[in-house]
Structures are given as structure tokens and as C-alpha cells.
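# Structure at a glance
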Amino acid sequence: MAAINRDDVAHLARLAHIEMSDQELDRMAGELAVIVDSVKSVSQAAGDDVPATSHPIPLSNVFREDVVGHTFTAEQALSGAPDSDENRFKVPAILDEA
């Protein structure tokens, strides 16, 4: 069993500004000890010969190469715009600037 006792839980509860009754402190000490023991057992399961993994199955990149294709000139891009100004799209204001 992990070395988490009632006083440790009371200290953590004070740090977190959590009010706990004596019964809750006793119960939480037991629950936290079980959690710490579980983490220890998982830490022992993987040895030095087991590589760290971030995903259980191998993943491969399925993205295409980033190749520059056809680009529009400013005039072509703005040709379908309802309004433009100085090679930019012009849109109605939606916020008051006052």
C-alpha cells in the first residue's frame, strides 16, 4: 500500500481549499493509496526494452505533398466580389466603431 495517510489528504484538501469531513479524509486516503499503487504497477510493467508509444497502432501520414498550383491574380480573385477596394474584398461593417 502507498504511503498516503489521512494527514496527507488533509494537507492536499487545505491546499485545494476543499472542506472534508473526518470520514471523507479517511476514505479518500484509502482511495488515493490505491490509485498511487496502480500507477506504480503500470510504471513497472514497461521495461527498458519496451519503446515508448503514443498510439497503440502505427500511423502513417496520408497528406499529399504541398505543391504550389495555379494561383489567381488579385483581379481574378476579386472578379466575383460584390465590392472591392485597393485589391481587397470590401464588406459591410458589423461592429460599431463609436
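Residues numbered from 1 in each chain as written. Predicted model: local features only at pLDDT ≥ 70, side-chain atom pairs only at ≥ 80, totals over all residues. Heavy atoms only, no water.

### Some remarks on the overall build of the protein chain
Assigned secondary structure in the protein chain consists of 3 helices and 0 strands. Scanning the protein chain from its N terminus toward the C terminus, one meets helices and strands in the order α-α-α. Over its C-alpha atoms the protein chain spans a radius of gyration of 31 Å, topping by over 25% the 13 Å that the globule rule assigns to 98 residues. Expressed as lengths along the three principal axes of its C-alpha atoms, the size of the protein chain is roughly 75 × 55 × 15 Å. Intrachain contacts of the protein chain at a sequence separation of at least 6 include 32% that bridge at least 24 residues. Summed over all atoms, the accessible surface of the protein chain reaches about 9300 Å², with 56% contributed by carbon and sulfur. For the protein chain, the distance from the average site of its 7 positive side-chain charges to the average site of its 18 negative ones is 3 Å. (Helix = DSSP H or I, 4+ residues; strand = E, 2+ residues; numbered from the N terminus. Rg over C-alpha atoms; globule rule 2.2 N^0.38 Å. Contact = heavy atoms within 4.5 Å. Areas by Shrake-Rupley, 256 points an atom, 1.4 Å probe, with all protein chains shown as cover. Lys, Arg positive; Asp, Glu negative; His and termini not counted. Charge placed at Lys NZ, Arg CZ, Asp CG, Glu CD.)

### Quick word on the pattern of salt bridges
Summed over the entire model, instances satisfying the criterion amount to 2 salt bridges. In this structure, the salt-bridge partner of Asp 22 is Arg 6, at a minimum N-O distance of 2.4 Å. You can see Asp 22 sitting in helix α2 (residues 22-45) and its partner Arg 6 sitting in helix α1 (residues 6-15), a full 16 residues away along the chain. Between Asp 26 and Arg 6 there is a salt bridge; the shortest N-O distance is 3.0 Å. Placement of the pair is Asp 26 in helix α2 and Arg 6 in helix α1, with a sequence separation of 20 residues. Assessed through its relative accessible area of 30%, Arg 6 is described here as partly exposed. (Salt bridge = Lys/Arg side-chain N within 4 Å of Asp/Glu carboxyl O. Buried < 20%, exposed > 50% of the residue type's maximum accessible area, 1.4 Å probe, protein only.)

### Let's talk about α1
Within the span of α1, buried status applies to Val 9, Ala 10 and Ala 13. End-on, the buried residues of α1 take up no more than an arc of 100 degrees, which puts them together on one face. α1 presents Asp 7, Arg 14 and Leu 15 as exposed residues on the side facing more than 90 degrees away from its buried surface. Packing partners of the buried residues in α1 comprise α2. Measuring from the backbone nitrogen of Asp 7 back to the side-chain oxygen at the start of α1 gives 3.0 Å, which picks out Asn 5 as the cap. His 17 sits one or two positions beyond α1 and adopts a positive phi of about 55 degrees. (Arc of directions from axis to C-beta. Polar contact = N/O pair within 3.5 Å; in protein donor to acceptor, adjacent residues only side chain to side chain.)

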